[in-house]
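# Geometric and topological summary
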Amino acid sequence: MVKMKVPFYRHSLNNLDAMKIADVISSPFLTSGPVCKEVEAQLCDYFAVKHAKLVNSWTNGAVATLLALDIGPGDEVIVPAMTFIATANVVELVGATPIFVDCDPETLLITPNQIKGSITEKTKAIIPVHMYGQMCDIKAIKECLPKDKKVFIIEDCAHTFEAKFNGNRPGTFSDVSIFSFYATKNVTCGEGGAIITNDAKIYERIIQSVLHGMSASAADRFKEGKYNHWGMEHLGTKANLPDLLACLLSEQIKLVDKKLSIREEKANFYKSKLKNSKFKIPKEQNNIIHSRHLFPIGVGMKNRDQILNILSENNIGVTVNYRSVPTMNYYKKKYNIKNEIFANSYQWGEETLSLPLFPSMSQSEQEYVVKILLDKIEPMVGD
Ligand SMILES: *Cc1c(COP(=O)(O)O)cnc(C)c1O
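First, a word on what this report is: a plain description of the structure on this page. Note that this is a predicted model, so its numbers are computed, not measured. (Residues numbered from 1 in each chain as written. Predicted model: local features only at pLDDT ≥ 70, side-chain atom pairs only at ≥ 80, totals over all residues. Heavy atoms only, no water.)

### Structural notes on the site of the ligand
Using the following cut-off: For this purpose, a residue is taken to be near a molecule or strand whenever a single non-hydrogen atom of the residue falls within 4 Å of it. Think of a polar contact as two N or O atoms within 3.5 Å of one another; within protein, one of them needs to be a possible hydrogen donor and the other a possible acceptor, and neighboring residues in sequence only count if both atoms come from side chains. Methods summary: accessible areas were calculated by the Shrake-Rupley approach with a probe of 1.4 Å, and residue burial reflects only the protein chains presented. Only runs of H or I of at least four residues qualify as helices and only runs of E of at least two qualify as strands under DSSP, and these elements are numbered from the N terminus. Following the grouping adopted for this structure description, the nonpolar residues are Ala, Val, Leu, Ile, Met, Phe, Trp, Tyr, Cys and Pro, the charged ones are Asp, Glu, Lys and Arg, and the polar ones are all others, Gly among them.
Taken together, 16 residues lie around the ligand, and Trp58, Thr59, His159, Ser180 and Lys185 are the ones closest in. Thr59 places a side-chain nitrogen or oxygen 2.6 Å from an oxygen atom of the ligand. Within the side chain of Ser180, an N or O atom sits 2.7 Å from an oxygen atom of the ligand. Summarising the interface, the protein chains cover 93% of the accessible area of the ligand, which totals 380 Å² for the free molecule. Within the residue set of the shell around the ligand, elements represented by two or more residues are helix H3 (58–68) and helix H4 (86–93). The residue inventory of the shell around the ligand, partitioned by class, reads seven nonpolar, seven polar and two charged.

### Thoughts on the pattern of salt bridges
As a reminder of what qualifies: Every case where a carboxyl oxygen of Asp or Glu lies within 4 Å of a side-chain nitrogen of Lys or Arg is listed as a salt bridge. Only protein chains enter the area calculation, which uses a 1.4 Å probe; residues under 20% of their type maximum are buried, those over 50% are exposed, and those in between are partly exposed.
Following the criterion strictly, the structure yields 14 salt bridges and no others. With a closest N to O distance of 3.3 Å, Asp70 and Arg205 form a salt bridge. In this pair, Asp70 sits in the loop between H3 and strand E2 (76–80) while Arg205 sits in helix H7 (residues 200–209), placing the two residues 135 residues apart along the sequence. Accessibility expressed as a relative area gives 52% for Asp70, which makes it exposed. In this structure Arg205 comes out as buried when scored by relative accessible area, which is 18%. With a closest N to O distance of 3.3 Å, Arg292 and Glu264 form a salt bridge. Pair noted here: Arg292 is in the loop between strand E9 (288–289) and strand E10 (295–298) and Glu264 is in helix H10 (residues 249–274), with a separation of 28 residues, a long-range link.

### Description of the nonpolar core
Quick reminder of the rule: Think of a nonpolar core as a cluster: buried Ala, Val, Leu, Ile, Met, Phe, Trp, Tyr and Cys residues, connected wherever their side-chain atoms sit within 4.5 Å. Residue contacts follow a heavy-atom distance rule, with two residues in contact if any of their heavy atoms lie within 4.5 Å.
Grouped together as the largest cluster of nonpolar side chains are 37 residues, with contacts concentrated most on Trp58, Val77, Val90, Val91, Phe100, Ile127 and Val210. Within the residue set of this core, elements represented by two or more residues are H3, E2, H4, strand E5 (152–156), strand E7 (176–180) and H7. It is H3 that provides the largest number of residues to this core, a total of seven residues. Ignoring anything within four residues of it in the chain, the contact list for Phe100 reads Val79, Pro80, Ala81, Ala88, Ser118, Val325, Pro326, Tyr331, Ile337 and Phe342.

### So, the side chain of Ser209
You can see Ser209 is positioned in helix H7. Accessibility expressed as a relative area gives 3% for Ser209, which makes it buried. Apart from residues lying up to four places away in sequence, Ser209 is in contact with Ala64, Thr65, Leu67, Ala68, Leu235, Gly236 and Thr237.

### A closer look at the sheet that holds strand E8 (residues 193–197)
Stated precisely, the cut-off is as follows: Only strands joined by at least two bridges in the DSSP assignment are considered to pair. What counts as an axis is a line fitted to C-alpha atoms, over the stretch in contact for a helix, and the angles between N-to-C directions run from 0 to 180 degrees.
Spatial strand order, E1-E8-E7-E5-E4-E2-E3: seven strands in an open sheet with mixed pairing. The open sheet has two edge strands with one neighbour each: strand E1 (51–55) and strand E3 (97–101). Each strand axis lies, on average, 25 degrees off the axis of its neighbour in the sheet, ignoring direction. Alignment of E1 against E8, held across five bridges, turns out to be antiparallel. Along E8, the bridge assignment pairs Lys53 with Ile195. Against the sheet, helix H2 (residues 34–47) touches E1, E7 and E8, its axis set at about 130 degrees to E1.

### A closer look at the environment of Tyr368
Position of Tyr368 among the secondary structure elements: in helix H14 (residues 363–377). Owing to a relative accessible area of 4%, Tyr368 belongs among the buried residues under this scheme. Between the C-alpha atoms of Tyr368 and Val2, which are 366 residues apart in sequence, the distance is 8.8 Å. Setting aside residues up to four positions removed in sequence, Tyr368 forms contacts with Met1, Val2, Lys3, Met4, Val6, Asn314 and Ile316.

### As for the packing of aromatic side chains
The condition is simple: Ring geometry is summarised as follows: Phe, Tyr and Trp rings, the Trp one being its six-membered ring, pair when their centres sit within 6.5 Å, and such pairs are stacked at plane angles under 30 degrees, edge-to-face over 60 and tilted between the two. A ring is scored as having a charge over it whenever the NZ atom of a lysine or the CZ atom of an arginine sits within 6 Å of its centre and within 35 degrees of its normal.
Scanning the entire structure with this criterion turns up 13 aromatic pairs. Ring centres 4.9 Å apart and planes at 70 degrees place the aromatic pair Phe47 and Phe161 in the edge-to-face group. Of this pair, Phe47 sits in helix H2 while Phe161 sits in the loop between E5 and strand E6 (164–165), placing them 114 residues apart in sequence. Residue Phe47 is classed as buried on the basis of its relative accessible area of 4%. Between the aromatic rings of Phe47 and Phe179, the centroid separation amounts to 4.7 Å while the plane-to-plane angle is 35 degrees, which identifies the pairing as tilted. Within this pair, whereas Phe47 is found in helix H2, its partner Phe179 is found in strand E7, the two being separated by 132 residues in sequence. By the ring-pair criterion, three or more aromatic residues cluster together here, those being Tyr46, Phe47, Phe161, Phe179 and Phe181. Here the basic side chain of Arg169 rests over the ring of Tyr46, its NZ or CZ set 4.1 Å away from the ring centre.

Written as structure tokens, this is what we have:
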């Protein structure tokens, strides 16, 4: 068989996008200005929400959100054990305590069952993650939260922009939803993100907490041709997205649903070819639209790392999304966490790997990946 080189991911920005950056450079405004405003309106439209704020990463957007919700030392925030470290790190960064919950072994998502036992008087928020592009049941999660006190729901939408659960997009049942436009995400401007909410009060706080806590943005400080003083009531961080990057988003948002049908075709190809194999594929719930961000498979714990090497030797780009967060030394040591406590997350984290999946992936690239998987890797799949 001819050896091919298949990257894990290939972005699809092009010369037209370069021209958009050139347009911003030739305008007087480089940082958050008119381009951001336009994209924010586009986001409100797409998600049918009242407010949107572009940020320079999911991570900084989440820190700004936790600050805006006054979450800090003494507070607990529930996070999945099976996620990218950023979901828990932001809780640590504001001085609050992440309370990990295990995932469902089949869907890899958190469910009300796992969450219920972790709620205490100190619980201020929960950050459900729509892993790989499959949404959690946010409505069910909301129903399992205490009725006599506010527990904020902050959706981690880093893996999804275009997904739906029972016809609903992110942002429908939560207080805040946060997206990532990092280089490999379905919608990208290299580094970036967005926060959406229907709550005017939360939005007012967020637009300050993304900008040092200042009471007026750069654009607003110079409104009507004169300088306006600003104040500071609350502590903030620096999380605003510049127009220089925001200009890359508009076209992608317009095309995101069309691109999804291409991602869907590629995912279905993998699914049909691997259906009767020993590879484990995450279970999908009914009545969902999956954003097909990542295509992880389970290959058993025993040979996973060797399998990663063999795929790399065959020029196939692979990653691991993710090893369970509480198995990372920082968390393991700080909270004295044993691997067995979050057994489903631990097991999946030690047996999973993600296959290449991106819209410009060619048929022959995908056939090559499947061939290597079935010929060389499947015989190695263990427990
Ligand atoms: C990528 C990612 C993040 C962090 O996004 P940044 O924009 O890089 O900060 C957070 N959560 C999940 C699940 C992610 O995959």
